[in-house]
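# Remarks on the overall topology
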Amino acid sequence: MVTVLLPGPLRGEAGGASRLSVTAAGTLRAVLDEMAAAHPRLARRIRDERGELRRYVNVFVDGEDCRHSGGLATPVKDGAEVQVLPSVAGG
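Residues numbered from 1 in each chain as written. Predicted model: local features only at pLDDT ≥ 70, side-chain atom pairs only at ≥ 80, totals over all residues. Heavy atoms only, no water.

### Observations concerning the nonpolar core
Judged by nonpolar contacts, the single largest core of 24 residues is most densely connected at Val 4, Leu 28, Leu 42, Ile 46, Val 76 and Val 82. The greatest single-element share of this core, amounting to 4 residues, is contributed by helix α2 (residues 28-38). Excluding anything up to four places from it in sequence, Val 4 contacts Ser 18, Arg 19, Leu 20, Val 22, Val 31, Met 35, Val 82 and Val 84. (Core = buried A, V, L, I, M, F, W, Y, C linked by side-chain atoms within 4.5 Å. Buried < 20%, exposed > 50% of the residue type's maximum accessible area, 1.4 Å probe, protein only. Helix = DSSP H or I, 4+ residues; strand = E, 2+ residues; numbered from the N terminus. Contact = heavy atoms within 4.5 Å.)

### Some words on the pattern of salt bridges
Considering all chains together, one arrives at 5 salt bridges under this definition. We note a salt bridge from Arg 47 to Asp 33, for which the minimum N-O separation is 2.7 Å. With a gap of 14 residues between them, Arg 47 in the loop between α3 (40-46) and β4 (57-61) and Asp 33 in helix α2 connect regions that are remote in the sequence. By relative accessible area, which is 11% here, Arg 47 ends up buried. A relative accessible area of 40% places Asp 33 in the partly exposed class. A salt bridge links Asp 48 to Arg 50; the nearest nitrogen and oxygen atoms lie 3.1 Å apart. Among the residues examined, Asp 48 registers a relative accessible area of 15% and is labelled buried. Judged by its relative accessible area of 67%, Arg 50 falls in the exposed class. (Salt bridge = Lys/Arg side-chain N within 4 Å of Asp/Glu carboxyl O.)

### Here we look at the pairing of strand β1 (residues 2-5)
Pairing of β1 with strand β2 (residues 19-22), which is carried by 4 bridges, proceeds in the antiparallel orientation. Across the sheet, the residue bridging to Val 4 is Leu 20, located in β2. (Pairing = 2+ DSSP bridges.)

Laid out in structure tokens, this is it:
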């Protein structure tokens, strides 16, 4: 089981949940694919039309930025925590 942690701005797309449990493990892509099947609106906020991570969304697997550890091919072990954080801009 993998736990996906969602910040406040994304919880509305997941029925208000702050955590999602996903049975898929192996790669970040597999985790996000399973999550997308249950929450397609959430998936569209995280990945673009080509299935790639949106550039303003940061995803961490057990605290490591996935952009530096393989992107969607990042290994995700059973019991891992995946944290999704949209970038915040302002002035």
